[in-house]
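Reading the structure
The residues making up each chain are set out below.
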Amino acid sequence: MSTLTIASDPQDAAAAEAVEAHHTQLAGELAGRVAMLIAAADRDPAAADGIRRGLVDFCDRDLVPHAAAEEETLYPVARGLPAVGLLMDGMLAEHRRLVALVDALRDAGSAVQAAADGRALQVLFEEHLEKENTLVLPLLTGAPDISLSGLLEGMHEILGHEHGDGAAAESGGGCGGSCGCGGSDDTEVPELDVRDVPHSLRHATVFGAIAAVPSGRAMVLVAPHDPLPLLAQIEDRHPGAFAVEYLQRGPEAWRLLLTHR
């Protein structure tokens with residue numbers, strides 16, 4: 001059952017939809033960054049360290065503050081609903097595990113360990129968001145005495161910057177200036193195949209992946225169709241930053257080389 005179906009107020013339905021959209025953006029960007037980390041750990045461990053640092057920066061900037069904001073605003077109210085206490089205890093415990101995995105990723109001693117920690121973080125985060133979308137948000141939007149939109153007013157950490165207080169900061173391309181991974185020109189280019197990625201996550205996954213590509217390096221994108229709308233979004237987010245070369249034009253896959261200038 002969707003949160004829109006059970007919402008007791010149209011504004012609360014819109015707020016729940018915004019939260020779910022932000023969840024999709026976070027999960028997609030995390031998936032893209034982890035995919036690049038795993039690829040680099042296998043092919044180019046020197047580059048993997050810069051990607052790991054970029055992933056930790058993303059978690060510190062977006063993922064962990066998102067969890068903290070939920071604990072401050074949504075979870076205390078949800079706990080007051082009948083028979084919800086154990087659910088919220090479990091959600092809080094998962095937040096603690098998410099933070100622990102970010103710290104493990106921060107201190108990972110090898111590319112392989114970083115890739116393992118990153119993948120564990122991705123799996124746990126996706127499962128956690130599924131519970132929030134299908135359990136916590138419906139409970140809140142279905143309670144007539146709770147105003148979800150009022151609780152979340154200005155909370156861009158939960159709603160996403162486009163729905164929050166307007167104080168969004170563009171994350172930019174590359175590794176946020178922390179990469180310094182260098183690498184030789186003949187290093188194998190990592191490949192991101194999004195054909196099996198759920199459509200709702202696909203663009204955000206690519207955005208996360210290209211954010212992990214440092215200047216002077218490239219990635220291969222494999223898509224199920226010609227990704228012209230996606231390329232337009234990349235250009236809008238990062239004007240002139242990526243050169244695009246088609247390596248294959250269908251019929252079953254489109255392969256594009258995206259080079260960060």
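Residues numbered from 1 in each chain as written. Predicted model: local features only at pLDDT ≥ 70, side-chain atom pairs only at ≥ 80, totals over all residues. Heavy atoms only, no water.

Examining the overall build of the protein chain
Within the protein chain, the regular secondary structure consists of nine helices and four strands. In the protein chain, the order of α-helices and β-strands from amino to carboxyl end is α-α-α-α-α-α-α-β-α-β-α-β-β. Put simply, the protein chain has 261 residues, and 48% of those count as buried. Partitioning the intrachain contacts of the protein chain with sequence separation of at least 6 by distance along the chain shows that 73% fall at a separation of at least 24. Of the roughly 12,000 Å² of accessible surface on the protein chain, 54% is carried by carbon and sulfur atoms. (Helix = DSSP H or I, 4+ residues; strand = E, 2+ residues; numbered from the N terminus. Buried < 20%, exposed > 50% of the residue type's maximum accessible area, 1.4 Å probe, protein only. Contact = heavy atoms within 4.5 Å. Areas by Shrake-Rupley, 256 points an atom, 1.4 Å probe, with all protein chains shown as cover.)

A word on helix α4 (residues 85-106)
The end-to-end C-alpha distance of α4 is 32 Å, a good match for the 32 Å that 22 residues give at a rise of 1.5 Å each. Along α4, the residues that are buried comprise M88, M91, E94, H95, L98, L101, V102 and L105. Taken down its axis, α4 places every buried residue within 130 degrees of arc, on the same side. (Expected span 1.5 Å × (residues − 1). Arc of directions from axis to C-beta.)

Some details on the nonpolar core
Counting 48 residues, the largest nonpolar core has M219, I234 and L258 as its most contacted members. Secondary structure elements with two or more residues in this core: α2 (10-43), α3 (45-79), α4, α5 (111-141), α8 (199-211), β2 (218-223), α9 (228-237) and β4 (254-260). If we skip the residues at most four places from it in the chain, I234 touches V206, F207, I210, F242 and L258. A18, V136, L152 and L159 belong to the second-largest nonpolar core, a separate cluster that totals 22 residues. (Core = buried A, V, L, I, M, F, W, Y, C linked by side-chain atoms within 4.5 Å.)

Observations regarding the confidence of the model for the protein chain
With 87% of its residues at a pLDDT of at least 70, the protein chain reaches an overall mean of 86. Considering each helix and strand of the protein chain separately, the mean pLDDT is smallest for helix α1 (residues 3-6), with a value of 45, and largest for α4, with 97. pLDDT under 50 marks residues 1-5. Its contacts with residues more than four places away, or in other chains, come to nine contacts. (pLDDT = per-residue confidence, 0-100.)

Some points on the packing of aromatic side chains
Scanning the model with the defined rule gives zero aromatic pairs in all. When the ring centre of F207 is taken as origin, the NZ or CZ atom of R237, which lies over that ring, is 3.9 Å away. Here the guanidinium or amino end of R249 rests over the ring plane of Y246, the centre of that ring lying 3.7 Å away. (Phe/Tyr/Trp six-rings, centres within 6.5 Å; stacked < 30°, edge-to-face > 60°. Lys NZ or Arg CZ within 6 Å of the ring centre and 35° of its normal.)

So, α5
The end-to-end C-alpha distance of α5 is 43 Å, a good match for the 45 Å that 31 residues give at a rise of 1.5 Å each. At E132, α5 shows its largest bend, some 35 degrees. (Bend = angle between axes of the 7 residues up to and from the residue.)

Comments concerning the packing of α8 against α9
The geometry of α8 relative to α9 is characterised by a closest axis approach of 11 Å and an angle of 45 degrees between their N-to-C directions. With respect to their mutual orientation, α8 and α9 come out oblique. The way α8 lies across α9 gives a crossing that is right-handed. Seen from α8, the contacting residues are H203, V206, F207 and I210; seen from α9, they are L230, Q233, I234 and R237. The class makeup of the residues in the contact of α8 with α9 is five nonpolar, two polar and one charged. (Axes fitted to C-alpha atoms, helices over the stretch in contact; angles between N-to-C directions. Parallel < 35°, antiparallel > 145°, perpendicular 65-115°, else oblique. Left-handed = near helix turned anticlockwise from the far one by under 90°. Nonpolar A, V, L, I, M, F, W, Y, C, P; charged D, E, K, R; others polar.)

With respect to the pairing of strand β3 (residues 242-249)
Consecutive side chains along a regular strand alternate between the two faces of the sheet. Both β3 and β4 contribute to a ladder of seven bridges, which runs antiparallel. Residue pairing for β4: R249 is matched across the bridge by W254. Here β3 folds back onto β4, and the loop between the two strands holds four residues, one of which, G250, carries a positive phi near 70 degrees. (Pairing = 2+ DSSP bridges.)

Some remarks on the environment of L231
Looking at the element boundaries, L231 is found in helix α9. For the pair L231 and L258, spaced 27 residues apart in sequence, the C-alpha to C-alpha distance is 9.8 Å. Residues in contact with L231, not counting those within four places in the same chain, are V244, Y246, L256 and L258.

With respect to the pattern of salt bridges
All chains considered together, the criterion is met by twelve salt bridges. With its nearest N and O atoms 2.4 Å apart, the salt bridge here joins R53 to D49. In this pair, R53 and D49 are both assigned in helix α3, four residues apart and thus about one turn of the helix distant. R53 sits in the partly exposed class, given a relative accessible area of 27%. Residue class for D49 comes out partly exposed when judged on its relative accessible area of 33%. One salt-bridge network, held together by shared partners, links D49, R52 and R53. (Salt bridge = Lys/Arg side-chain N within 4 Å of Asp/Glu carboxyl O.)

Quick word on the sheet that holds β4
Strands sit in the order β1-β2-β4-β3 across an open sheet of four strands; the sheet is mixed. Both edges of this open sheet fall to β1 (191-193) and β3, since each of them pairs with a single strand only. Strand-to-strand twist in this sheet, taken as the mean axis angle between neighbours without regard to direction, amounts to 20 degrees.

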